Structure formats: C-alpha cells, structure tokens
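Working through the structure, step by step
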Amino acid sequence: MSEPCHTMGLVIRAKREKDVILTLLTPEMGKITVIAKGAKSLKGPQMPLSQPFCYGDFELYKKGDLYWLHTGELKENFYGVTSRLDALNLAAYFCDVAIAVSEPGEPCEELLRLLLNSLYFLANKTYPDELIKGVFEWRILAMQGLSPAVNCCCGCGKTQDGGFALDIAQGELFCGECRAKREVFGDGVRMDDDAPRHEWVLLAQGALEAIRFAISTPLGKMMSFRLDDETDRYDFSRAGEKFVRYHLDVDSAALKMYEQMRGK
Ligand SMILES: [Zn+2]
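An account of the accompanying structure is given in this report. (Residues numbered from 1 in each chain as written. Predicted model: local features only at pLDDT ≥ 70, side-chain atom pairs only at ≥ 80, totals over all residues.)

Within the chain, the regular secondary structure consists of 7 helices and 9 strands. Counting the 264 residues in the chain, one finds 38% classified as buried. Taking all contacts inside the chain whose residues are at least 6 apart in sequence as the whole, residues at least 24 apart take part in 59%. (Helix = DSSP H or I, 4+ residues; strand = E, 2+ residues; numbered from the N terminus. Buried ≥ 20, exposed ≤ 12 C-beta atoms within 10 Å, placed from the backbone. Contact = placed C-beta atoms within 7 Å.)

Shown next, in the form of structure tokens:
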C-alpha cells in the first residue's frame, strides 16, 4: 500500500455491499471511489464518514485504481437534510447530477462548493426548496458551458415580454410574437420540418430574470435575489430541470420521488 493521503471530500454515494463503496467528490482529485472496509457495522470506527452527504477530512490509502478509507474527521453531515423527505430526495438528486458531471482526476472545487452550499441551504431551510433546486440546476449548466441565450428574444431582440418561451434543445428564447409566427402557442413539443423535436417551456418575466441572475452571478452571491411568486419559482426550477435532463442526460430516481411528492 502507498503512503496515506489526505483530502477533503463529500460522500455523494454510499453503496452498501460487503464493505461500503463510497463515491467522494474532492476538490483536487475530482470524483473518486473509496472502499470503507468494515464501515457497514454500525459500531465501526469508519461509520460516521460512510454516510451520504458527509463532508470531512479523509485519510486514504491508494491500492491499484481504488482508494481505501483509513481514518478521517467528520466536518459536517447536513443532518437537517435527512429530517425532511423532500430535502432528502433533492439532496440525492443534486448528488446524482454531480456524479454525472464530475470525472476522476479532474479538479472540481467550484462544483463541490455549489453542492456544499446547496446541501447547507436544504438542511437549514434557508430558502424555499424550489429556489435552491433551480439555482443548483442553472449554475451546474453554466459551469458546463450550457447556459441558454436568455438575454433577449432570438427572433426580434426584445428583452421584456409577458410570454417568453425557451427552446430546451437549442437554448433559444422567443417572445410571444415571434413564437406565434412559429406557430408555437404553449408548453410542449412541436414537430418541425427541418428539426426533429422542439420542446418548449413557458417563462413569465420573473422566472426569466431569475435564470439570468443564476447563470451570471458569482457563486458566493448565488442566492442574492428574491423570487417571491410561487409560480415563478416553480417555472424557474422546472425549466432548469428540463435543461439538466436534456443536456446532461441525468436520470435520477430521487428526482422522480421528489416530483411525485410535489404532485406536479
Ligand atoms: Zn421576438
């Protein structure tokens, strides 16, 4: 075995087999797999570090392609997340998205910070769940270089309109008038002669402003805005979810559970 190494890390998946197989998100090493031997036992010394959403200082040994957990110190377990089923499902969905966009060996400090912030807000109910979810989704998309062009209507350049809609696949915004010219009148899917499918999501001005803010603001100020209208919050979050699903190909059972509970 090699010399031990230390890393800060967040448990984004914990699979219980004979041992516990952890997926850790670390700032410098990216996503890594860690075996926590004996952590399955409730009394095992590694148990506190082997739970989903645990953030800590991990001491690891490397053997082949795998890391083995030796010891470590728990810094935060986001306990509040586990006390609400909505928050638990959202936290698991955030981790599913993080798994999809992270790679072994690729530093991901910003992604880790976003995830830690989002888990903190969920655990402490700092903001409405839909707002935390939407900001997480839009920021992930921005980090991946997948932000849609939301500054103005791509047909006429208008920046204010009551009936904007966003094309999910193309990432283009259309005002009500330009949309009517294209014979797209509502949410849904349109067949087109030269493009196979267009899925649209309607956005009121409030939800659109929130998307503009979320994709362009530094991480430290990501929640420094208000979106008081519940429908706007829902549209903001739903549009982010559709974008994540389409462009990052994330299929999350936890998100489905969350949606069932949300009843929409
Ligand atoms: Zn237009």
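Our next topic: the sheet that holds strand β4 (residues 55–63). Sheet architecture is closed into a barrel: 5 strands sit in the order β1-β2-β3-β5-β4, paired in mixed fashion. On average, adjacent strands in this sheet sit at an angle of 50 degrees to one another, irrespective of strand direction. Of the strand pairs in this sheet, strand β1 (residues 5–16) and strand β2 (residues 20–26) are connected by 6 bridges, and their pairing is antiparallel. Residue pairing for β2: Arg-16 is matched across the bridge by Val-20. This element, helix α1 (residues 85–101), spans β1, β2 and β3 (30–36) of the sheet and lies at about 115 degrees to β1. (Pairing = 2+ DSSP bridges. Axes fitted to C-alpha atoms, helices over the stretch in contact; angles between N-to-C directions.)

Phi is positive for Phe-78, close to 45 degrees, though the residue is something other than glycine. One can find Phe-78 in the loop between β5 (66–76) and α1. In this structure Phe-78 comes out as buried when scored by C-beta crowding, with 21 C-beta atoms within 10 Å. The phi dihedral of Asp-249 is positive, around 55 degrees, even though this residue is not glycine. Assignment of secondary structure puts Asp-249 in the loop between α6 (230–248) and α7 (253–262). For Asp-249, a count of 8 C-beta atoms within 10 Å translates into the label exposed.

The terminal C-alpha atoms of α1 lie 25 Å apart, and with 17 residues this matches the ideal 24 Å at 1.5 Å per residue to within 8%. Buried within α1 are the following residues: Ala-87, Asn-89, Leu-90, Ala-91, Ala-92, Tyr-93, Phe-94, Cys-95, Val-97 and Ala-98. In this fold, the buried residues of α1 make contact with β1, β2, α2 (109–124), α3 (129–143), α6 and α7. (Expected span 1.5 Å × (residues − 1).)

A few words on the packing of α2 against α3. Running from amino to carboxyl end, α2 crosses α3 at an angle of 175 degrees, the nearest separation of the two axes being 10 Å. Of the possible angle classes, the one that applies to α2 and α3 is roughly antiparallel. Contacts from Glu-110, Leu-111, Leu-114, Ser-118, Phe-121 and Leu-122 of α2 reach α3 at Asp-129, Ile-132, Phe-136, Arg-139 and Met-143. Across the contact of α2 with α3, the residue classes break down as 7 nonpolar, 1 polar and 3 charged. (Parallel < 35°, antiparallel > 145°, perpendicular 65-115°, else oblique. Nonpolar A, V, L, I, M, F, W, Y, C, P; charged D, E, K, R; others polar.)

Before going further, it helps to examine α3. Relative to the 21 Å expected for 15 residues at 1.5 Å per residue, α3 spans 21 Å between its end C-alpha atoms, a close match to the ideal helical length. All of the buried residues along α3 are Glu-130, Leu-131, Ile-132, Lys-133, Gly-134, Val-135, Phe-136, Glu-137, Trp-138, Arg-139, Ile-140 and Leu-141. Turning to α3, the residues buried within the fold contact α1, α2, α5 (205–216) and α6. Where α3 terminates, the next one or two residues include Gly-145, which has phi positive at roughly 75 degrees.

Turning next to the packing of α1 against α2. Orientation of α1 relative to α2, taken along the N-to-C sense of each, is 175 degrees, at an axis distance of 10 Å. In terms of orientation, α1 and α2 fall into the roughly antiparallel class. Between α1, through Ala-87, Leu-90, Ala-91, Phe-94, Ala-98 and Val-101, and α2, the contact on the second element is made entirely by Leu-111, Leu-115, Ser-118, Leu-119, Leu-122 and Ala-123. Of the residues assigned to the contact of α1 with α2, the class counts are 11 nonpolar, 1 polar and no charged.

Turning to the environment of Thr-71, a few remarks are in order. In this fold, Thr-71 is placed in strand β5. A count of 12 C-beta atoms within 10 Å places Thr-71 in the exposed class. Remark: the alpha-carbon pair of Thr-71 and Pro-4, spanning 67 residues in sequence, is separated by 9.8 Å.

These results come straight from atomic positions and should not be treated as a statement about function.
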